[in-house]
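# Geometric and topological summary
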Amino acid sequence: MVNPTLAIYKTIAGAARRFPQPLMTGLSKVVTAAIPAFSPDRRLIVERNLARSTGQSLGDAERAAGVRAVFRSYARYYTDTARLPGLTAEVIDQGFSYEGFRHIQDGVTAGKGTILVLPHVGGWEWAASWLAKVPGYQVTGVVEPLENDELREWMHDWRESVGMQILPLGPGLGPELLRRLRANHVVCLMSDRNLGDGGIDVDFFGEETQLPGGAATLALRSGATIVPVAVYHRADQNHAICEPPLVLDRRGKMRKDIERITQNIADVMEMQIKRQPEQWIVLQPNWPSDHAALAQRGGR
């Protein structure tokens with residue numbers, strides 16, 4: 001029996017590689033324009049995130065335009081990402097630009113591993129493929145495990161085909177990441193959502209939530225460098241802005257240092273997201289108040 005979810009992903013990936021990019025961009029805009037109407041929960045989360053990231057109380061027209069822009073960014077991410085398999089290093093390089101790349105280079109030169117902490121903004125997978133194929137770094141990414149076995153295997157193979165080495169979130173992840181950092185890998189960690197146990201309480205956009213403490217823990221244990229990075233859609237390119245490395249000095253007990261560094265990561269991500277709020281594509285509840293708002297909407 002054909003797996004319908006996998007069939008959809010394969011169809012999108014195949015179309016993105018066969019059709020001209022302008023055509024795929026137009027088709028994706030049409031498709032994603034319908035998502036807010038058919039997924040009111042996701043629309044509500046996007047509206048709340050826009051209010052947080054813009055710091056404004058948006059009117060109906062502004063809010064609707066912002067939601068459309070977020071879902072267009074979501075479509076751009078998927079169509080760009082689907083094009084990656086089979087692209088040469090030269091083509092990937094032409095589609096990429098950056099600022100502050102020296103911070104990553106310095107981390108690699110230091111030889112103790114480099115941790116990139118990123119928000120779900122723009123084209124992060126294009127950037128990871130560029131790191132693997134152009135400067136030729138060993139790049140490891142951590143992904144949320146999928147319940148659909150066939151889709152999980154297909155996504156794993158697809159990501160490996162574009163240059164990334166993939167590890168699923170779960171038991172044994174920490175020791176394996178430490179091993180790879182000691183082998184001087186560049187480890188990419190999406191850091192604006194907490195998906196596992198052991199989250200760290202932070203103030204994020206003026207509201208308390210939990211974010212993953214893995215980056216801080218790994219860096220303190222390995223001596224790796226943490227470089228905050230955000231990758232934005234800029235015209236036909238994906239553009240990475242690499243911030244200066246975080247200060248990782250020990251000041252007290254391990255837990256307190258992890259909490260301090262994780263809060264620093266949250267502060268930098270706020271700034272990164274505010275640059276392009278409409279490119280922040282977190283569609284799931286990320287704060288306790290999000291769950292309450294969804295419950296209230298369901299009750300109505």
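Fair warning: this is a prediction, and the values are worked out from it, not measured in the lab. (Residues numbered from 1 in each chain as written. Predicted model: local features only at pLDDT ≥ 70, side-chain atom pairs only at ≥ 80, totals over all residues. Heavy atoms only, no water.)

## A look at the overall build of the protein chain
- A count of helical and extended segments in the protein chain gives 13 helices and nine strands.
- Burial statistics for the protein chain: of 300 residues in total, 50% are counted as buried.
- Sequence-distant contacts, at least 24 apart, represent 78% of the contacts inside the protein chain between residues at least 6 apart.
- Carbon together with sulfur atoms contributes 53% to the accessible area of the protein chain, which is approximately 14,400 Å² in total. (Helix = DSSP H or I, 4+ residues; strand = E, 2+ residues; numbered from the N terminus. Buried < 20%, exposed > 50% of the residue type's maximum accessible area, 1.4 Å probe, protein only. Contact = heavy atoms within 4.5 Å. Areas by Shrake-Rupley, 256 points an atom, 1.4 Å probe, with all protein chains shown as cover.)

## Notes on unusual backbone geometry
- Positive phi, close to 55°, is recorded for Phe205, a residue that is not glycine.
- One can find Phe205 in the loop between strand E6 (200-204) and strand E7 (207-211).
- Phe205 sits in the buried class, given a relative accessible area of 12%.
- Non-glycine residue Ala235 carries a positive phi angle of around 55°.

## A look at helix H10 (residues 173-182)
- Leu173, Leu177, Leu178, Arg180 and Leu181 are the residues of H10 that are buried. Across the axial projection of H10, the buried residues extend over an arc of 165°, all falling on one side. Those residues of H10 that are exposed and angled more than 90 degrees off the buried face are Pro175 and Arg182.
- Where H10 is buried, its residues touch strand E2 (114-118), strand E3 (139-143), strand E4 (165-168), strand E5 (186-190) and helix H11 (214-222).
- Positive phi appears at Asn184, one or two residues downstream of H10, with a value of about 70°. (Arc of directions from axis to C-beta.)

## Brief notes about the nonpolar core
- Of all hydrophobic cores here, the largest spans 40 residues; its most connected members are Ile104, Leu116, Leu131, Tyr137, Val139 and Val229.
- If you tally residues by element for this core, the top one is helix H8 (residues 124-133), at seven residues.
- Among the nonpolar cores identified, the runner-up in size contains 37 residues, and Leu181, Val202, Ile261 and Ala266 belong to it. (Core = buried A, V, L, I, M, F, W, Y, C linked by side-chain atoms within 4.5 Å.)

## Some points on the side chain of Ser222
- Looking at where Ser222 falls in the secondary structure, it is placed in helix H11.
- By relative accessible area, Ser222 is classed as buried at 16%.
- For Ser222, the side chain forms a polar contact with the main-chain nitrogen of Ala224, separated by 3.1 Å.
- Residue contacts for Ser222: discarding those within four places in its chain leaves Lys112, Leu178 and Leu181. (Polar contact = N/O pair within 3.5 Å; in protein donor to acceptor, adjacent residues only side chain to side chain.)

## A few points about the packing of aromatic side chains
- Applying the stated criterion across every chain, the model contains 15 aromatic pairs.
- Judged by centre distance (5.2 Å) and plane angle (80°), the rings of Tyr74 and Tyr78 are edge-to-face. Residue Tyr74 and its partner Tyr78 are located together in helix H5 (residues 60-83), separated by four residues, close to a single helical turn.
- Tyr74 sits in the buried class, given a relative accessible area of 18%.
- Note on Phe96 and Tyr98: the rings are 6.1 Å apart at their centroids and 40° apart in plane angle, and the pair reads as tilted. (Phe/Tyr/Trp six-rings, centres within 6.5 Å; stacked < 30°, edge-to-face > 60°.)

## Examining the sheet that holds E2
- Ordered in space as E1-E9-E8-E2-E5-E3-E4, the seven strands form an open sheet in which the pairing is mixed. In this open sheet, the two strands that pair with only one neighbour each are strand E1 (96-99) and E4. Strand-to-strand, the axes of this sheet are offset by a mean angle of 30°, without reference to chain direction.
- Bridge analysis of E3 against E4 gives four bridges, and the strand direction is parallel. Residue pairing for E4: Gly141 is matched across the bridge by Ile166.
- Running at roughly 90° to E1, H8 makes contact with E1, E2, E3, E5, strand E8 (225-234) and strand E9 (237-242) of the sheet.
- Here H11 sits on the sheet and contacts E2, E5 and E8; the angle it forms with E2, its principal contact strand, is near 165°. (Pairing = 2+ DSSP bridges. Axes fitted to C-alpha atoms, helices over the stretch in contact; angles between N-to-C directions.)

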